[in-house]
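# What the coordinates show
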Amino acid sequence: VHRDVRRELDSIRGRAVEVAHEAGALLSSGFRSTPRSRTKRTAADLVTEFDERSEALVRERLHDAFPDIAIVGEEGGGQRGEGAAFYVDPIDGTSNFAHGHPFFCVSIGLWEHGQPLVGVVHAPEMKLTFAAARGAGVTRNGEPCRVSSTDALERALLGSAPHDHPRAYLALDRSTHGIRRCGAAALEISLVADGGYDGFWDVGLAPWDLAAATLFVTEAGGEVTDLEGRAFTVDAPSVLASNGRLHGLLLTALAHARALPPIDPVT
Ligand code: IPD
Ligand code: CA
Ligand code: CA
């Protein structure tokens, strides 16, 4: 990365960290306040007034600082166009937030021409802030982080949710140290970059869930593809993020497990 670009990315990362902290303070002010919520597409798909207020704040601050960069947010939408775009999840883990469970975060990721450039994930109640600029590594609360060195699936701790193939989820849960489902994909993928998880996979996530945290994983020495092993893009229908060493083993194990006949639906 060219020196001037490096400086520019560092400055965008710095501003994005400040914005995420401001949004995080707003979320903390509403945490456990029994915020008003309504449902979106499904009965379990919640949105609170804090999702909207957090996104409005992040949009305003980013627009003031970087008026030429498009913004695509979960609640406010937006078009990304040809150039650079920020993907904003104003609360990743809204169900947790609405229930008073502290595992939620703000996620801001900048991509241009199919490449991640900057990412910030801030979880105010967990007191965790991950930040990265392309080629400059990733930090957790200011300290550099690395993926784990686990090289056997039997010793792996994984993150996922049983969205895709519950039987595959159970099969992997039993043949590893276990699968966690913490309810905030951006924060869970961030944990892969920090070695807390050895791998994470899911299907159907949105660009604002993925844009920042997938950059952390590659900056921390890990690997990110889709579940077929293809190069990852921010619009990918599935994601597998790992410490790198386990990537091939996970792709094979998941392909095998996803080919099992599905569990009979409960009638
Ligand atoms: C959700 C969370 C959750 C994941 C869902 C996402 P939201 O995001 O990341 O962990 O399983 O697929 O939609 O709605 O809380 O921003
Ligand atoms: Ca989300
Ligand atoms: Ca959200």
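The paragraphs below set out a description of the structure included in this document.

Conventions used here
Residues numbered from 1 in each chain as written. Chains lettered and ligands numbered in written order. Predicted model: local features only at pLDDT ≥ 70, side-chain atom pairs only at ≥ 80, totals over all residues. Heavy atoms only, no water. Helix = DSSP H or I, 4+ residues; strand = E, 2+ residues; numbered from the N terminus. Rg over C-alpha atoms; globule rule 2.2 N^0.38 Å. Buried < 20%, exposed > 50% of the residue type's maximum accessible area, 1.4 Å probe, protein only. Contact = heavy atoms within 4.5 Å. Areas by Shrake-Rupley, 256 points an atom, 1.4 Å probe, with all protein chains shown as cover. Lys, Arg positive; Asp, Glu negative; His and termini not counted. Charge placed at Lys NZ, Arg CZ, Asp CG, Glu CD. Donors = N, O, S within 2.8 Å, 3.2 Å for Na, K, Ca; no water. Pairing = 2+ DSSP bridges. Axes fitted to C-alpha atoms, helices over the stretch in contact; angles between N-to-C directions. Parallel < 35°, antiparallel > 145°, perpendicular 65-115°, else oblique. Left-handed = near helix turned anticlockwise from the far one by under 90°. Nonpolar A, V, L, I, M, F, W, Y, C, P; charged D, E, K, R; others polar.

### Overview of the overall build of the protein
When its secondary structure is counted, the protein shows eight helices and 14 strands. Taking 2.2 N^0.38 as the reference for a compact globule, 267 residues should give roughly 18 Å; the C-alpha atoms of the protein span a radius of gyration of 18 Å, in line with that estimate. In terms of principal-axis extent, the alpha carbons of the protein reach across some 50 × 45 × 35 Å. Per-residue burial over the protein gives 51% buried out of 267 residues. In the protein, the share of contacts with a sequence separation of at least 24, taken over all contacts with a separation of at least 6, comes to 58%. Carbon together with sulfur atoms contributes 51% to the accessible area of the protein, which is approximately 12200 Å² in total. Distance from the positive charge centre (26 side chains) to the negative charge centre (36 side chains) of the protein: 3 Å.

### Quick look at unusual backbone geometry
Here the phi dihedral of T34 falls at roughly 50°; this positive angle occurs in a residue that is not glycine. Tracing the backbone shows T34 in the loop between α1 (3-30) and β1 (37-39).

### A word on the coordination of the calcium ion (ligand 3)
Only E74 (OE), D89 (OD) and I91 (O) from the protein coordinate the calcium ion (ligand 3), and they sit 2.1 to 2.3 Å from it. Here the donor residues for the calcium ion (ligand 3) map to a single chain with the spacing E-x14-D-x1-I. A separation of 3.8 Å is found between the calcium ion (ligand 3) and the calcium ion (ligand 2), which share D89 as a coordinating residue. Of this pair, E74 sits in the loop between β3 (70-73) and β4 (85-92) while D89 sits in strand β4, and the two are 15 residues apart along the sequence.

### Digging into the sheet that holds strand β11 (residues 178-180)
As summarised here, the arrangement of the five strands in space is β11-β10-β12-β14-β13, forming an open sheet in which the pairing is mixed. Taken across any chain shown, the strands that pair with only one partner, and hence form the sheet edges, are β11 and β13 (223-225). Taking each pair of neighbouring strands and ignoring which way they run, the sheet shows an average axis angle of 20°. Where helix α4 (residues 166-175) meets the sheet, its contacts fall on β10 (157-159), β11 and β12 (199-203), and the angle it forms with β11 comes to roughly 125°. Relative to strand β14 (residues 238-242), helix α8 (residues 247-258) is tilted by about 140°, and along the sheet it contacts β10, β12, β13 and β14.

### Quick look at the packing of α4 against α8
One can describe the packing of α4 onto α8 by two numbers: an axis separation of 8 Å at closest approach and a directional angle of 130°. Between α4 and α8, the angle is such that the two are oblique. α4 and α8 meet at a crossing whose hand is right-handed. Taking contact as the criterion, the partners of A168, A171 and L172 in α4 are, on α8, L250, A253, L254, A257 and R258. Here the residues of the contact of α4 with α8 are counted per class, giving seven nonpolar, no polar and one charged.

Purely geometric stuff here, so don't read any function into it on its own.
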